[in-house]
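# A closer look at the structure
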Amino acid sequence: MNKFDYGMFYGCWSPILAFNGRKYAPEEAYPIAAHEFGCENLNLEQMYCYYGFGVDEYGDRRQSYWLTKDRKKNSFPVLAYTVID
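Residues numbered from 1 in each chain as written. Predicted model: local features only at pLDDT ≥ 70, side-chain atom pairs only at ≥ 80, totals over all residues. Heavy atoms only, no water.

### Brief notes about the pattern of salt bridges
Heads up, the rule is: What makes a salt bridge here is a side-chain nitrogen of Lys or Arg within 4 Å of a carboxyl oxygen of Asp or Glu, nothing more. Secondary structure follows DSSP: runs of H or I at least 4 residues long count as helices, runs of E at least 2 residues long count as strands, and numbering of each begins at the N terminus. The cut-offs for exposure are 20% and 50% of the maximum accessible area for each residue type, with area from a 1.4 Å probe on protein chains only; residues under the lower value are buried, those over the upper are exposed, and the others partly exposed.
Taken as a whole and assessed by the stated rule, the structure comprises 2 salt bridges. Lys69 is paired through a salt bridge with Glu45; the nearest N and O atoms lie 3.6 Å apart. Here Lys69 is found in the loop between β4 (61-68) and β5 (76-83), whereas its partner Glu45 is found in strand β3 (residues 42-55), with 24 residues between them in sequence. Take Lys69: its relative accessible area is 48%, and that puts it in the partly exposed class. Asp56 is the salt-bridge partner of Arg62, the closest N and O atoms lying 3.5 Å from each other.

Next up, the structure:
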């Protein structure tokens, strides 16, 4: 089992707080997300996360966790929360 619990992602999207879908149910993740964002007007989307090499928003190559909307071979499901404008 991977070590990812939850974390904030930045980049091309507005900030996303992603929770490991194998460790958290939406009912457990929502209160934490509401506290982290400081509001309760949140959108939940199913995404995937994987650990590996990628290029960040500054063009630097690094090894990290990455979000994607498409399932990859080594990815796992995440609950992705964003603030609704």
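Continuing now.
### Structural notes on the packing of aromatic side chains
The condition is simple: Working definition: rings of Phe, Tyr and Trp (its six-membered ring) pair if their centres are within 6.5 Å, and the pair is stacked with planes under 30 degrees apart, edge-to-face with planes over 60 apart, and tilted otherwise.
This model, assessed by the stated rule, comprises 10 aromatic pairs. Note on Phe4 and Phe9: the rings are 6.1 Å apart at their centroids and 45 degrees apart in plane angle, and the pair reads as tilted. The exposure classification of Phe4 matches that of Phe9, with both residues buried. Arranged with centres 5.0 Å apart and planes meeting at 65 degrees, the rings of Tyr51 and Tyr65 form a pair that is edge-to-face. Here Tyr65 lies in strand β4 and Tyr51 lies in strand β3, a separation of 14 residues in the sequence.

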